[in-house]
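Structural overview for review
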Amino acid sequence: MKKLAIFASGTGSNARRIIEYFSGSGMVEVALVLSNKKDAGVLEIARSHGIPAMVFDRKMFYETGEVLDALRVHHIDFIVLAGFLWLAPPPLIAAFPQRMVNIHPALLPKYGGKGMYGMHVHEAVKAAGETETGITIHYVNEHYDKGDFVFQMRCAVLPEDTPADIARKVQQLEHQYFPEIIAKLVSENAA
Ligand code: GRF
């Protein structure tokens, strides 16, 4: 059984899908949920599934190594970032080479980088008059949204779509594909 950790600081809808997808799977156990927000929705989701959760601050992430320690204590094999915005520190990247992925709500390399998250992404897609957008699942490296791509899926942007409409379409893709791509990666890559 491979052990997965999820970092999430938004509403946690992707984290919920991932937790539900693997619940009782016998293949992957979501063994730790981590957030830098003490009121993140994902913490309640973790609690209701009996999954250990950890809230951390910048110091614990970047200086003391407490986050990395917790990942080791829980024997984590693979990390998923699902709505987590802090840049991963080098020791974390080194400890999980090709074993840490992020999901981005656009077709990278477009609409990525610092500050490109949430509705900012969909507003930029709309403002540029794009006719399509989508999701990108990629490995995490030391730059925002720059790791090797693992998977992309597209959806149409219609002229009448608002940024909120685009967000809904993209979220549907995320919920549909992220858990199964994680399952594939974990079976191929986890140590
Ligand atoms: C998703 O759109 C994901 O692409 C991005 O952050 C958002 C998280 O949404 N990285 P949720 O908290 O899972 O609902």
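Before reading further, recall that the structure is shown in the block above.
First, a word on what this report is: a plain description of the structure on this page. (Residues numbered from 1 in each chain as written. Predicted model: local features only at pLDDT ≥ 70, side-chain atom pairs only at ≥ 80, totals over all residues. Heavy atoms only, no water.)

Turning our attention to the layout of surface pockets. By volume, the largest pocket amounts to about 970 Å³. Residue lining of the largest pocket: 39 residues in total, with Gly-83, Phe-84, Leu-85, Tyr-117 and Gly-118 positioned closest to the centre. Where the lining of the largest pocket is concerned, the elements lending two or more residues are helix 1 (13–22), strand 5 (100–104), helix 6 (118–127) and helix 7 (163–189). At four residues, the largest contribution of residues to the lining of the largest pocket is made by helix 7. (1 Å grid on protein atoms, 1.4 Å probe; cavity = no way out; pocket = protein on both sides within 12 Å on 5 of 7 lines; lining within 4 Å. Points joined across faces, edges and corners; volume = space filled by probe spheres on them. Helix = DSSP H or I, 4+ residues; strand = E, 2+ residues; numbered from the N terminus.)

The next point concerns the nonpolar core. Counting residues in each nonpolar core, the largest one holds 42 residues, and the members touching the most others are Leu-4, Ile-6, Ile-18, Val-30, Val-80 and Phe-178. In terms of residue count, the dominant contributor to this core is helix 7 (ten residues). Not counting residues within four places of it along the chain, the set of residues in contact with Leu-4 comprises Ile-18, Phe-22, Val-28, Glu-29, Val-30, Ala-31, Leu-32, Ile-76, Phe-78, Val-80, Ile-182 and Val-186. Membership of the second largest hydrophobic core comes to 24 residues, among which are Met-54, Phe-56, Ala-70 and Met-100. (Core = buried A, V, L, I, M, F, W, Y, C linked by side-chain atoms within 4.5 Å. Buried < 20%, exposed > 50% of the residue type's maximum accessible area, 1.4 Å probe, protein only. Contact = heavy atoms within 4.5 Å.)

This part takes up helix 6. For helix 6, the complete set of buried residues consists of Val-121, His-122, Ala-124 and Val-125. For helix 6, the arc enclosing every buried residue in end-on projection is 160 degrees, short of the 170-degree limit, so these residues lie on one face. Along its buried surface, helix 6 packs onto strand 5, strand 6 (132–139) and helix 7. Looking at the residues trailing helix 6, positive phi occurs at Gly-129, about 70 degrees. (Arc of directions from axis to C-beta.)

In the vicinity of the ligand, the residues found are Gly-10, Thr-11, Gly-12, Ser-13, Asn-14, Gly-83, Ile-103, His-104, Pro-105, Gln-171 and Glu-174. Residue Thr-11 places a side-chain N or O atom 2.6 Å away from an oxygen atom belonging to the ligand. Residue Glu-174 places a side-chain N or O atom 2.3 Å away from an oxygen atom belonging to the ligand. Across the complex, the protein chains shield 82% of the 370 Å² of accessible surface that the ligand would expose by itself. If you list the elements that add at least two residues to the shell around the ligand, you get helix 1, strand 5 and helix 7. In terms of residue class, the shell around the ligand is made up of two nonpolar, eight polar and one charged. (Near = heavy atom within 4 Å. Polar contact = N/O pair within 3.5 Å; in protein donor to acceptor, adjacent residues only side chain to side chain. Areas by Shrake-Rupley, 256 points an atom, 1.4 Å probe, with all protein chains shown as cover. Nonpolar A, V, L, I, M, F, W, Y, C, P; charged D, E, K, R; others polar.)

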